[in-house]
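An overview of the molecular structure
Listed below, chain by chain, are the residues.
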Amino acid sequence: MRVAVYLPLLLSLLAPLVARPLSERCEPRLATWLLTVSAVVLAAATTISLGLLTITGLIRIPLLADLGHWSAHAAQRDDPTGPSIALVAGLLLGGAVLTAARVLVRRARTLVAAAAEAACMPTPDGLVVVEDDTPDAFALPGLPGRVVVSTGMLHALEESEHDILLAHERAHLAAHHYLFVAFAGLGAAANPLLRPLATAVTYTVERWADERAAAVTGDRAQVARTVGKAALAARRAPAPAPGAALGIFGRRGPLGGAGPVPRRVAALLAPPLRRHPGLVLATAALLAIAACSTAEAGHDLHLLLEIVGAE
């Protein structure tokens, strides 16, 4: 446990260095998967590592050691971590668990509210047009989900651009992008160092939907123009009231409203991105190191408990 237990924490420091290359160089669907899995695995690994470090401090306490039939004296002698490290790990673990639990509960409530709201919108094709001069369009998760578009957004776009708008929002629902955002956000809640990964996921799901719209329409340049026009229209509109509706990110999310729009437009005007096996292998290697080091640290703690239990 002198080295292995700290590796997941150190690897989390690489999140800002990993997020940008994956989101910019990998095909959006693959990038979304890699970023989300990385956030979940690293968050789980760091949480377990903090738990292991906390346990090494708890077995030093005579009362707790007696409950587990361990020798507190042997634990103090053989424990590879100091009491101050165990105390800090315990505080960080408590904060991570409470924050992640709060985010999980809030996300679950918003998804339940979205499903209930979507169920109150009967429509044969999943499209709901609301009479509102405010330009707005968002995907509403549910069983099934709904695409909600205001008349203001339809008036801001040309007739030929309406299909692009609908293809983009339907891509969010078909690929369940809200789940990717939710899991990445949960990982960032448990480990704030992973916030760049969660931020990158909110961008790559938009890029994923952009590319899906481009594939449906067959015109990347027109999709880029539509993204720009929708972003400008939404920017001129007043901000919606908090909690007024649930979009793809737990709030209203027009086609151009999430993610750096200039980057999305530039990506659409450039050739489609490739998979980049090198980045995939590097990411897989980092996650494997994190998982293996956590398992090794857990095994070391098990041996420590056997030693202090025998004495």
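For the structure given in this document, a descriptive report is provided here.

Remarks on the sheet that holds strand β2 (residues 137-140)
Read across the open sheet, the three strands follow the order β1-β3-β2; overall the sheet is mixed. What marks the edges here is a single partner per strand, and that holds for β1 (127-130) and β2. Ignoring which end each strand starts from, the neighbouring axes of this sheet average 20 degrees apart. Where β1 lies against strand β3 (residues 146-150), four bridges are found, and the strand directions are parallel. Its bridge partner lying in β3, valine 130 is registered against serine 150.

A word on the nonpolar core
Judged by nonpolar contacts, the single largest core of 30 residues is most densely connected at Leu22, Leu35, Leu42, Leu194, Leu197 and Val201. No other element matches helix α3 (residues 28-58), which puts eight residues into this core. Excluding anything up to four places from it in sequence, leucine 42 contacts Leu11, Ser12, Leu194, Leu197, Leu287 and Ala290. Counting 11 residues, the second-largest nonpolar core is a separate cluster that includes Ala167, Val227, Ala231 and Val261.

So, the packing of helix α6 (residues 83-119) against helix α9 (residues 177-190)
Contact geometry for α6 and α9: axes closest at 8 Å, N-to-C directions at 160 degrees. Regarding the angle of α6 to α9, the classification is roughly antiparallel. Crossing handedness for the pair α6 and α9: right-handed. Every residue of α9 that contacts α6 at Ala96, Thr99, Ala100, Val103, Leu104, Arg107 and Leu111 is listed here: Tyr178, Val181, Ala182, Gly185, Leu186, Ala189 and Ala190.

Section: the pairing of β3
Within β3, five of the five residues are buried, leaving the element largely enclosed by the surrounding structure. Burial along β3 is two-sided: the face carrying Arg146, Val148 and Ser150 and the face carrying Val147 and Val149 are both buried. Of the pairings in the sheet, the one linking β2 to β3 comprises four bridges and is antiparallel in character. Bridge assignment links phenylalanine 138 to a residue of β3, and that residue is valine 148. Taking the residues that link successive antiparallel strands as the turn, the β2-β3 hairpin has five residues.

The rules behind each value
- Residues numbered from 1 in each chain as written.
- Predicted model: local features only at pLDDT ≥ 70, side-chain atom pairs only at ≥ 80, totals over all residues.
- Heavy atoms only, no water.
- Pairing = 2+ DSSP bridges.
- Helix = DSSP H or I, 4+ residues; strand = E, 2+ residues; numbered from the N terminus.
- Axes fitted to C-alpha atoms, helices over the stretch in contact; angles between N-to-C directions.
- Core = buried A, V, L, I, M, F, W, Y, C linked by side-chain atoms within 4.5 Å.
- Buried < 20%, exposed > 50% of the residue type's maximum accessible area, 1.4 Å probe, protein only.
- Contact = heavy atoms within 4.5 Å.
- Parallel < 35°, antiparallel > 145°, perpendicular 65-115°, else oblique.
- Left-handed = near helix turned anticlockwise from the far one by under 90°.

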